[in-house]
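Notes for the structure review
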Amino acid sequence: MTIVLTPYWSNGVQKLKMAAGPPPKPAHGLTPPTLDEQVHAVRCMKQFHSKDKDIEKYIYLSMLKEQDPHMFYRLCLQHMSEFTPIIYTPTVGQACQEYSHNYRRPEGLFVSHKDKGKIASVLRSWPKFDEARISVVTDGSRILGLGDLGINGMPISIGKLSLYIAGAGIRPESTIPITLDFGTNTQKYLDDPLYLGLRHKRVATEEMTEVMDEFMYEMSVAFPKLLVQFEDFSTDHAFLYLERYRNQYPVFNDDIQGTGAVVLSGFINAARLSSAASGRPLNTHRILFFGAGSAGVGVAMQLMSFFTLEGMSEQEARERIWLVDSQGLVYSARGKLAEHKDYFARRDYAGPPITDLLDILEYVKPTALMGLSTMSGAFTRAAIETMAALNPLPIIFPLSNPVKLSECTFEDAVKYTNGKVLFASGSPFPEINYQGRMLYPGQGNNMYIFPGLGLGSILARCSSVSDSMVEASSLGLANSLTQEEEEAGLLYPQIERIREISAGISMQVIRAAQAANVDRHVELRSMSDPELLAFVNSKMWNP
Ligand SMILES: NC(=O)C1=CN([C@@H]2O[C@H](COP(=O)(O)OP(=O)(O)OC[C@H]3O[C@@H](n4cnc5c(N)ncnc54)[C@H](OP(=O)(O)O)[C@@H]3O)[C@@H](O)[C@H]2O)C=CC1
Ligand SMILES: CC(=O)C(=O)O
Ligand SMILES: [Mg+2]
């Protein structure tokens, strides 16, 4: 079907095609006589491969998705590891940076602080509002590690929702990408005549919060079955709005909770391998977070909660964790700290600030080093070698996105640890043949979590997203490795299995929602696990 959307900043009327229902059969004569779907798939891949630059591939796939969503998602599922670096990180980062220049048509909703008092009517512009089940909402203030991109953040919402559709079979017409426009503090965009957003600095938190309150309330009225995923809000607002709304509406923050869940899962599998080599029990791990923003602290909280599940006291669990920010090691004697860092600030150190990563490594002696700092190349050869000297199998996860901001490359991590590293990065790296042995990097990216967490939350019709549901998604992922994947030393399953993985995660999430009493689809309670899994699979949309 064809629907009409008018973006709030424009007087023009644009058309947006939705991927509703089965593809319409074109009337006889409107397609070439021998257009065969299988052959057309080959043709589409040929056109895709003919593009030299990744951004051109991104644009090609965006157009394919608009014109022929069934073909787009079919190819997406068949070529998941080839498509994800294009429709998602790293290329989606460039697509965001260039959004105002490459813009062709509206694909989501824009809500600005100027809509205050009339947000309800803006939301009603969405054509299929009775279908809405999941929205990825960003304010563009911290897109990947690329900083404040303002309204240019829209492609991250679109990209994540494409992965919901491909990865968990969420129906395309039930997804709503939303970008909130509160201005931008990036002067380059304010000076750019093509910039599509409001041309002023970001409004103060107080004003933003008033708009957020109205927005969240009106979302729940307009779309009563909607789950909201907050994405790429700057760290202060990420924590503020998660806490403010999490008990009121079904909402989660992907950067705090999704990242926490995916990294915990990779850590569990890495710790298992490292224990097999060193005999080291879980409660002796020492985890150093290089970067203490929403992602770093989100992962630290998830690990904490897992350690307590494994029998450690809260104090013991907290002592396993060290944070580093732009001022060095985070410790309470350093002075006033941002609220989200304070809980993990070390109380056992009161000396002068330790700012150099090598000095911090010598002091902490970590078994695991997590990078969530946006500091490209921060894990130097010396830092990686120190990790290798400290551990038989060092756990090194450079998780910053996109790939150009990764704290180290897979190649360097392999080379400087003599192939011993247990590795996961936020963006994909190619596998390596190291001394005749194929080594595979893990991709510790929340894309493994949010499709299944989202689908489970939607099917359970949960009233809120509990910590236990997030935890369940993490454990579901950790336990999803096949024997073959385990034998190959993988920390995460192959992304080609995403549908199967998401189904398993969804089932665990539904069970956790039931245990937490936040499920409203209570009929699912009486199903056995095989019945529930079959139900989840039956609800997945297939291209
Ligand atoms: N793999 C995945 O699935 C995910 C990856 N990420 C990635 O994580 C990164 C961080 O995101 P987020 O936490 O929201 O961002 P923030 O900007 O809030 O956090 C960055 C952190 O790094 C610290 N930092 C900056 N410079 C240095 C430095 N020179 N040395 C040490 N620490 C430094 C900052 O310190 P200070 O607090 O002092 O400013 C801050 O604590 C991004 O690149 C993002 O793409 C995010 C979510 C998911
Ligand atoms: C992956 C992701 O959510 C991020 O880098 O922000
Ligand atoms: Mg994010």
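Residues numbered from 1 in each chain as written. Chains lettered and ligands numbered in written order. Predicted model: local features only at pLDDT ≥ 70, side-chain atom pairs only at ≥ 80, totals over all residues. Heavy atoms only, no water.

The subject of this paragraph is the coordination of the magnesium ion (ligand 3). Around the magnesium ion (ligand 3), the protein contributes the donor atoms Glu231 (OE), Asp232 (OD) and Asp255 (OD), at 2.0 Å from the metal centre. One chain supplies every donor to the magnesium ion (ligand 3), and in sequence these donors are spaced E-D-x22-D. Remark: Asp255 occurs in helix H12 (residues 254-278) and Asp232 occurs in the loop between strand S6 (227-231) and helix H11 (235-245); sequence separation between them is 23 residues. (Donors = N, O, S within 2.8 Å, 3.2 Å for Na, K, Ca; no water. Helix = DSSP H or I, 4+ residues; strand = E, 2+ residues; numbered from the N terminus.)

Here the focus is the nonpolar core. By size, the foremost hydrophobic cluster in this structure holds 151 residues, and its most contacted members are Phe215, Phe230 and Phe289. Excluding residues within four positions of it along the chain, Phe215 makes contact with Val111, Ile119, Leu123, Val137, Ile178 and Leu180. (Core = buried A, V, L, I, M, F, W, Y, C linked by side-chain atoms within 4.5 Å. Buried < 20%, exposed > 50% of the residue type's maximum accessible area, 1.4 Å probe, protein only. Contact = heavy atoms within 4.5 Å.)

Moving on: the domain arrangement of the protein chain. Domain annotation for the protein chain reports domain 1 (37-249), domain 2 (257-433) and domain 3 (449-538). The C-alpha-based centres of domain 1 and domain 2 are spaced at 30 Å. Opposite the 13 residues of domain 1 that make contact, domain 2 presents 15 residues. In total, about 1,000 Å² of surface goes out of reach between domain 1 and domain 2, with carbon and sulfur atoms giving 68% of it. (Domains from an automatic or database assignment. Buried area = accessible area lost by both parts, 1.4 Å probe.)

An order of S10-S9-S8-S11-S12-S13-S16 is seen for the seven strands of this open sheet, with the pairing classed as mixed. Of all strands in the sheet, those bounded by a partner on one side alone are strand S10 (328-329) and strand S16 (442-443). Sheet topology places strand S9 (residues 321-325) next to S10; two bridges connect them, and they run antiparallel. Paired with Val324 across the bridge in S10 is Leu329. Strand contacts of H12: strand S8 (287-290), strand S11 (368-371), strand S12 (395-398) and strand S13 (422-425), with the helix running at about 155° to S12, the strand carrying the most contacts. (Pairing = 2+ DSSP bridges. Axes fitted to C-alpha atoms, helices over the stretch in contact; angles between N-to-C directions.)

This paragraph deals with the UniProt feature "domain: Malic enzyme N-terminal" (unreviewed entry) in the protein chain. Taking the UniProt record as the reference, the feature "domain: Malic enzyme N-terminal" (unreviewed entry) is found at residues 65-246. Span residues 65-246 is 47% helix and 12% strand, its end C-alpha atoms 33 Å apart. (UniProt positions renumbered as here; feature names shortened; annotations may be inferred.)

With that out of the way, let us pick up the pairing of S13. Neither face of S13 is left uncovered, since the one carrying Leu422 and Ala424 and the one carrying Phe423 and Ser425 both have all their residues buried. Handedness of the crossover is the feature at issue here: the chain leaves S12, passes through helix H18 (residues 410-415), returns alongside S13, and the resulting connection is right-handed. (Right-handed = clockwise from strand over helix to strand, strands pointing away.)

Take the packing of aromatic side chains next. The final tally for this structure, using the stated rule, is 20 aromatic pairs. Seen in terms of ring centroids, Tyr73 and Trp541 are 5.6 Å apart; in terms of plane orientation they differ by 90°. Their pairing is edge-to-face. Of this pair, Tyr73 sits in helix H3 (residues 69-78) while Trp541 sits in the segment after helix H23 (529-538), placing them 468 residues apart in sequence. Summarising the burial analysis for this pair, Tyr73 and Trp541 share the class buried. (Phe/Tyr/Trp six-rings, centres within 6.5 Å; stacked < 30°, edge-to-face > 60°.)

With that out of the way, let us pick up the side chain of Ser141. In this fold, Ser141 is placed in the loop between strand S4 (134-138) and helix H8 (154-168). Only 2.7 Å separates the side chain of Ser141 from the backbone nitrogen of Ser234, close enough to count as a polar contact. Not counting the four nearest positions on each side in its chain, Ser141 is found in contact with Gly147, Asp148, Arg202, Asp232, Phe233 and Ser234. (Polar contact = N/O pair within 3.5 Å; in protein donor to acceptor, adjacent residues only side chain to side chain.)

Within this structure's numbering, the places UniProt gives as "binding site: (S)-malate" (unreviewed entry) are Arg142, Asn401 and Asn445. Position of Arg142 among the secondary structure elements: in the loop between S4 and H8. Those residues in contact with Arg142 that sit more than four places away from it in its chain are Gly147, Asp232, Phe233, Ser234, Asp255 and Ser294. In this structure Asn445 comes out as buried when scored by relative accessible area, which is 3%. Beyond its immediate chain neighbours, meaning those up to four positions away, Asn445 contacts Tyr88, Thr89, Val262, Asn401 and Gly426. Of the polar contacts made by the side chain of Asn445, one reaches the backbone oxygen of Gly426; its length is 2.8 Å.

With that out of the way, let us pick up helix H22 (residues 498-515). If you check H22, its first and last C-alpha atoms are 25 Å apart, about what 18 residues at 1.5 Å a residue would give, namely 26 Å. Among the 18 residues in H22, 13 count as buried, and that is most of the element. Phi turns positive one or two residues past the end of H22, at Asn517, with a value near 60°. (Expected span 1.5 Å × (residues − 1).)

A word on the packing of helix H20 (residues 467-478) against H22. One way to put it is that H20 packs onto H22 with a least axis distance of 8 Å and a crossing angle of 145°. You can see that H20 and H22 cross each other, and the crossing is right-handed. Facing Ser468, Met469, Ala472, Ser473, Gly476 and Leu477 of H20, the residues of H22 in contact are Ile501, Ile505, Gln508, Val509, Ala512 and Ala513. Considered class by class, the residues forming the contact of H20 with H22 number eight nonpolar, four polar and no charged. (Left-handed = near helix turned anticlockwise from the far one by under 90°. Nonpolar A, V, L, I, M, F, W, Y, C, P; charged D, E, K, R; others polar.)

Now for H12. Along its 25 residues, H12 runs 33 Å from first to last C-alpha, staying within 8% of the 36 Å computed at 1.5 Å per residue. Most of H12 is tucked away: 19 of the 25 residues are buried. Gly279 lies just past H12 and shows a positive phi near 75°.

A negative phi holds for most residues other than glycine; trans holds for most peptide bonds. That bond from Thr89 to Pro90 is cis: its omega, 15°, falls within 30 degrees of zero. The omega angle of the peptide bond from Asn401 to Pro402 is -10°, so this bond is cis rather than trans. Unusually for a residue other than glycine, Asn418 sits at a positive phi of about 55°. Looking at where Asn418 falls in the secondary structure, it is placed in the loop between H18 and S13. By relative accessible area, Asn418 is classed as exposed at 54%. One non-glycine residue, Gln435, lies in the positive phi region at around 50°. Among the residues examined, Gln435 registers a relative accessible area of 72% and is labelled exposed.

Residues in close proximity to ligand 1 total 26 residues, the closest being Thr235, Ala292, Ser294, Ser326 and Lys341. In this structure, an oxygen atom belonging to ligand 1 sits 2.8 Å away from a side-chain N or O atom of Arg142. Protein contacts shield 82% of the accessible area of ligand 1, which totals 940 Å² for the unbound molecule. Elements represented by at least two residues in the shell around ligand 1 include exactly H12 and helix H13 (294-309). Of the residues that constitute the shell around ligand 1, the class distribution is seven nonpolar, 15 polar and four charged. Taken domain by domain, the makeup of the shell around ligand 1 includes at least three residues from each of domain 1 (37-249) and domain 2 (257-433). (Near = heavy atom within 4 Å. Areas by Shrake-Rupley, 256 points an atom, 1.4 Å probe, with all protein chains shown as cover.)

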